[in-house]
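Remarks on the overall topology
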Amino acid sequence: MRMYDLIHKKKNGQALSTEEIEFFVRGVTSGEIPDSQIAALLMAVCLKNMDDREATDLTLSMLASGESADLSAIPGLKADKHSTGGVGDSTTPVVIPTVAACGLKVAKMSGRALGHTGGTIDKLESVPGTRTELSPEEFARVVNTVGAAVVGQTGTLCPADKKLYALRDFTATVENNALIASSIMSKKLASGADVIMLDVKYGSGAFIKDPEDARELARLMVKIGEGAGRRVGAIISSMDVPLGRAVGNALEMYEAADILCGNAEADKLEVCVALSAGMLSLADIAKGDEAKKMALDAINSGKAFDKLCEMLEAQGGDTSQLRDPSIRSYAPYKMELKAETEGYICSMNTEEIGLSEGMLGASRDSLDGKVDHLAGLEIIKKTGDKVSPADTVAILHSSRRELLEPAAKRLGKAITYSAEKPKLPPVIYATVGV
Ligand code: URA
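A brief report on the enclosed structure follows. (Residues numbered from 1 in each chain as written. Predicted model: local features only at pLDDT ≥ 70, side-chain atom pairs only at ≥ 80, totals over all residues. Heavy atoms only, no water.)

This part is about the pattern of salt bridges. For the structure on display, the rule yields 29 salt bridges. A salt bridge links Glu313 to Arg323; the shortest N-O distance between them is 3.0 Å. You can see Glu313 sitting in helix H14 (residues 303-314) and its partner Arg323 sitting in helix H15 (residues 320-323), a full ten residues away along the chain. Note on Arg323: relative accessible area 44%, which makes it partly exposed. Each of Asp52, Glu216, Arg219 and Lys223 takes part in salt bridges that share partners, so that together they form one network. (Salt bridge = Lys/Arg side-chain N within 4 Å of Asp/Glu carboxyl O. Helix = DSSP H or I, 4+ residues; strand = E, 2+ residues; numbered from the N terminus. Buried < 20%, exposed > 50% of the residue type's maximum accessible area, 1.4 Å probe, protein only.)

Put into structure tokens, the structure is as follows:
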């Protein structure tokens, strides 16, 4: 078999066979196929696409390229959730303890921030002392005793995806449904959970801009997961409007604690409840409205907040700042961004908001880069809000004063104003598989 022939075939719009896809992934993993040929095939896939069978083969080959987590020390169903990537959209610290408080065990593996999208692991590590590198034994012990644990993905899961993802990032070939679905689902399958709930994002701050494309991505991921014997569901949710008001690692953890203590932003709560209910439903614990009520009861009773603290403490975290807002740490430097004009906020480009957050020091430019956990943004006015020039639209936080001004400029350009109140997209566009 020759890589040249695979590229040629895909360039002409033909489907690759299972053996050809296995050959490709084996060559990527071993390093035998040069980056130039890998990138050429990735571009051909972006232009000519892959059908469901090819996307499934690609997923299973990437899954086989590394180790899979062994969760056999955790009895019963194990659940996981995953967001395809957004800005300020951290739902994990709300959803995980909520379903755990309802009796569903969560064994979750998460990634770090890369590019303009945030990473759950960085957010959890903003809680002082929290360790996200647990041994398999420790991970199983925390899940078995507390009901939930979240750890960082190890490099031994899906090494082919690691290589492919880096090249895709470098060659403008991230945005393709078959490539995104296989990348995410290979890692989710390798993480070992039986129940996988996906939050597929669309809009300016997501990889997929169009909601119907996001629905198609969700359909494909659910099909791949079910084909591998897992219970998989998805919501398709908007990333055209910031979700909640916090963007930044510690700021988002404070917001999660506030949601669990009864001070919820309606849009973020809606997404968190839908994800929690989806997980409870896939696990056959409760269905439909009953599942939503169960999730809301766990939040309103404070049981979910207690579970969040219990989980973080079991992972070494000091939760005193989550419990007591008066002692929370904030970055030493702040700047307010005022509204540009009288009228309504017409749009907020959430990808640009994510990039402004990064400029404040909140995300990393390289995998080894350091993250300023206290950097970020508080969104005071959101799309659809009426403003006048005296109003603060956002407060920028950073540990380095010189980063505020350029980030504020970028943020200012990400916001447009109109005389008429804009129509807002629904927070949840559709549901697949639940
Ligand atoms: N997240 C991933 O892990 N892979 C993608 O391709 C896109 C988002």
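This is not the end of the story, as more comes after the structure.
Summarising burial for strand S11 (residues 392-398): seven of the seven residues are buried, a large majority. Taken together, the six bridges between strand S7 (residues 333-338) and S11 define a ladder with antiparallel strand orientation. Bridge assignment links Leu337 to a residue of S11, and that residue is Ala394. (Pairing = 2+ DSSP bridges.)

Moving on: the sheet that holds strand S10 (residues 386-387). Strand order across the open sheet formed by three strands is S10-S8-S12, with antiparallel pairing between neighbours. Of all strands in the sheet, those with a lone pairing partner are S10 and strand S12 (415-418), marking the two edges. Bridging between strand S8 (residues 343-348) and S12 involves four bridges; their strand directions are antiparallel. The partner of Met348 across the bridge, within S12, is Ile415.

What follows concerns the sheet that holds strand S1 (residues 78-83). Strand order in this open sheet of six strands is S3-S2-S1-S4-S5-S13, and the pairing throughout is mixed. What marks the edges here is a single partner per strand, and that holds for strand S3 (148-152) and strand S13 (428-432). Averaged over all pairs of adjacent strands, the angle between strand axes in this sheet comes to 20 degrees, irrespective of strand direction. Where strand S4 (residues 195-202) meets strand S5 (residues 231-238), eight bridges bridge the pair, whose relative direction is parallel. Following the sheet pairing, Val195 is matched in S5 by Arg231. Each of strand S2 (105-110) and S3 touches helix H7 (residues 136-146); the most contacted strand, S3, lies at about 155 degrees to it. (Axes fitted to C-alpha atoms, helices over the stretch in contact; angles between N-to-C directions. Contact = heavy atoms within 4.5 Å.)

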